[in-house]
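# Results of the structural survey
Spelled out from the first residue to the last, the chains are:
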Amino acid sequence: MHDFLKRLPKVELHLHIEGSLEPELMFALAERNGVALPYASVEEARAAYDFTDLQSFLDLYYQGMSVLRTAEDFHDLAMDYFRRAHAEGVVHVEMHFDPQAHRVRGIELPVVMEGLSLARRHAERELGLSTALIMAFLRDRDASEAMAVLEEAAPYWEMLDAVGLDSAERGNPPSKFTEVFERAARLGIPRVAHAGEEGPPEYIREALDLLDVCRIDHGVRCLEDPELVARLRDEGVVLTVCPLSNVRLKVVERLEAHPLPQLLEAGLRITLNSDDPAYFGGGMLDNYLACQRAFGWDEATFIQLAGTAIEAAFVSDQRRLALRRRLADSV
Ligand code: ADE
Ligand code: ZN
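Conventions we followed
- Starting afresh in each chain, residues are numbered from 1 along the sequence in its written order.
- Chains carry letters from A onward and ligands carry numbers from 1 onward, assigned in written order.
- Totals for whole chains, interfaces and linings use all residues, but because this is a predicted model, local features are given only for residues with pLDDT of at least 70 and pairs of side-chain atoms are given and counted only at 80 or more.
- Hydrogens and waters are ignored; side-chain quantities use all the structure's heavy atoms.
- UniProt positions are given in the numbering used here, feature names are shortened, and annotations may be inferred rather than shown by experiment.
- Note on conventions: DSSP H or I runs of at least 4 residues are helices, E runs of at least 2 residues are strands, and numbering of each starts at the N terminus.
- In this listing, donors mean N, O and S atoms no farther than 2.8 Å from the metal, or 3.2 Å for Na, K and Ca; water is missing from the atoms, so a site can look incomplete.
- The geometry test gives tetrahedral to four donors whose angles all lie between 85 and 135 degrees, gives square planar to four donors and octahedral to six donors whose opposite members are over 155 degrees apart with all other angles between 65 and 115, and gives irregular to the rest.
- With a 1.4 Å probe rolled over the protein chains alone, any residue whose accessible area is under 20% of its type maximum counts as buried; one over 50% counts as exposed, and the rest are partly exposed.
- DSSP calls a pair of strands paired once it identifies at least 2 bridges connecting them.
- By definition, the arc is the one covered by directions from the helix axis to the C-beta atoms.
- Contacts are residue-level and defined by heavy atoms, with any inter-residue pair within 4.5 Å sufficient.
- A pairing counts as a salt bridge when a side-chain nitrogen of Lys or Arg comes within 4 Å of a carboxyl oxygen of Asp or Glu.
- Handedness of a crossover is defined as follows: with both strands directed away from the viewer, a clockwise route from the first strand across the helix to the second makes it right-handed.

## Observations concerning the UniProt feature "domain: Adenosine deaminase" (unreviewed entry) in the chain
UniProt's feature table lists "domain: Adenosine deaminase" (unreviewed entry) at residues 9-328, given in the numbering used throughout. Strand forms 14% of residues 9-328 and helix 51%; the C-alpha atoms that close the span are 9 Å apart.

Following this line, the structure appears as structure tokens:
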């Protein structure tokens with residue numbers, strides 16, 4: 001099964017590129033940029049990744065990214081991840097990035113875009129890995145700031161495959177960002193949002209009704225609301241589920257207790273993703289393998305999950321056909 005899951009052409013729809021920053025690279029960039037870290041060693045950093053909830057993770061996540069200062073840093077961050085993903089059999093990556101988390105540190109959007117854009121070109125050329133870019137708004141900051149970032153991104157609108165919504169969910173409902181997402185819709189930019197990770201099912205409804213999203217990131221709490229589950233199924237809304245993330249952030253107690261089997265049983269369109277692989281103990285292959293161990297799924301189930309991700313990806317018709325063919329050839 002390991003060989004099968006490694007070979008399976010996996011498409012990742014939910015990754016925060018800043019959450020792919022492994023402690024080794026964090027230390028290298030800290031040295032390069034003269035940034036002080038609160039850890040004495042790589043091992044000490046990893047040992048600190050013991051989270052009680054989403055906020056306890058976000059505190060270290062925002063602190064970790066303080067080493068990212070130049071376009072070269074963002075390039076190296078992304079290429080480091082793309083190489084690892086490629087080695088695990090990932091063929092397409094859609095990465096969220098958090099411009100506001102950099103802007104508050106004095107790192108402006110053009111620096112981030114230059115580094116990530118270069119890395120995307122290198123990934124395509126050197127690894128044959130296609131990528132998409134999702135500019136995420138931090139929901140625990142003002143909507144006016146999100147709107148300002150969207151306007152500031154005007155030179156890059158055509159490079160954005162979608163806008164997203166992340167960071168601390170509780171108390172920050174999608175409704176706070178209705179205008180921002182309406183503006184993105186008028187610009188023709190697709191929309192996704194984190195909802196129903198720690199927040200209630202109502203946030204998933206709001207994301208659909210008010211933000212007009214085409215995918216829900218996480219969404220696992222939908223099961224508390226049977227009517228919502230029926231709607232998600234009928235409308236074919238894709239959920240980007242992150243199994244190891246949910247365990248590490250205590251959304252579920254352990255993977256065996258994760259609602260993934262019920263979500264599939266309910267007929268929902270489910271995908272598996274890594275979220276913040278450097279912080280949650282594994283990339284795409286680890287997430288697939290962990291699910292195999294926890295749920296005993298057969299090959300057909302993984303082919304279905306990988307296939308759903310291909311259908312829901314922000315890619316051209318031509319690329320989607322190529323990905324479908326890769327999947328068919330691999331089994
Ligand atoms: N930012 C990075 N990872 C996140 C997650 N799992 N949920 C919300 N915001 C995030
Ligand atoms: Zn996420």
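Picking up where we left off.
## Topic: the coordination of the zinc ion (ligand 2)
Surrounding the zinc ion (ligand 2) are the protein donor atoms His14 (NE2), His16 (NE2), His194 (NE2) and Asp275 (OD), at 2.0 to 2.2 Å. Taken together, the 4 donor atoms surrounding the zinc ion (ligand 2) define angles of 83 to 174 degrees at the centre, an arrangement classified as irregular. Look at where the donors of the zinc ion (ligand 2) fall in the sequence and you get H-x1-H-x177-H-x80-D. Of this pair, His14 sits in strand E1 (residues 10-16) while His194 sits in strand E5 (residues 192-195), and the two are 180 residues apart along the sequence. For the pair formed by His14 and His194, the shared burial category is buried.

## Here's the deal with the pairing of strand E3 (residues 130-138)
With 9 of 9 residues buried, E3 lies mostly within the body of the structure. Because side chains alternate across E3, one face comprises the buried residues Ser130, Ala132, Ile134, Ala136 and Leu138, and the other comprises Thr131, Leu133, Met135 and Phe137, equally buried. Taken together, the 6 bridges between strand E2 (residues 90-97) and E3 define a ladder with parallel strand orientation. The residue bridging Val93 from the neighbouring strand is Thr131, located in E3. Note: E3 against strand E4 (residues 162-166), 5 bridges, orientation parallel. When the bridges of E4 are listed, Phe137 appears paired with Leu165.

## Topic: helix H2 (residues 23-33)
Restricting attention to buried positions, one finds in H2 the residues Pro23, Leu25, Met26, Leu29 and Ala30. Down the axis of H2, the buried set is contained in an arc of 155 degrees. They therefore lie on one face. In this structure, the buried side of H2 is in contact with helix H3 (42-48), helix H4 (54-64), helix H5 (71-87) and helix H14 (277-280).

## With respect to the pattern of salt bridges
As enumerated under the stated definition, the model contains 21 salt bridges in all. Between Asp212 and Arg191 there is a salt bridge, with the nearest N and O atoms lying 3.1 Å from each other. Residue Asp212 is found in the loop between helix H10 (201-209) and strand E6 (215-218), and its partner Arg191 is found in the loop between helix H9 (178-186) and E5; the two are separated by 21 residues along the sequence. You can call Asp212 partly exposed: its relative accessible area is 48%. The partner of Arg233 in a salt bridge is Asp234, with the nearest N and O atoms 3.4 Å apart.

## Points about the pairing of strand E7 (residues 238-241)
Both faces of E7 are covered, namely the face carrying Val238 and Thr240 and the face carrying Leu239 and Val241. Relative to E7, E6 is paired through 3 bridges, and the arrangement is parallel. Across the sheet, Asp217 pairs through a bridge with Thr240, a residue of E7. With helix H11 (residues 226-235) bridging E6 and the parallel E7, this β-α-β connection has right-handed handedness.

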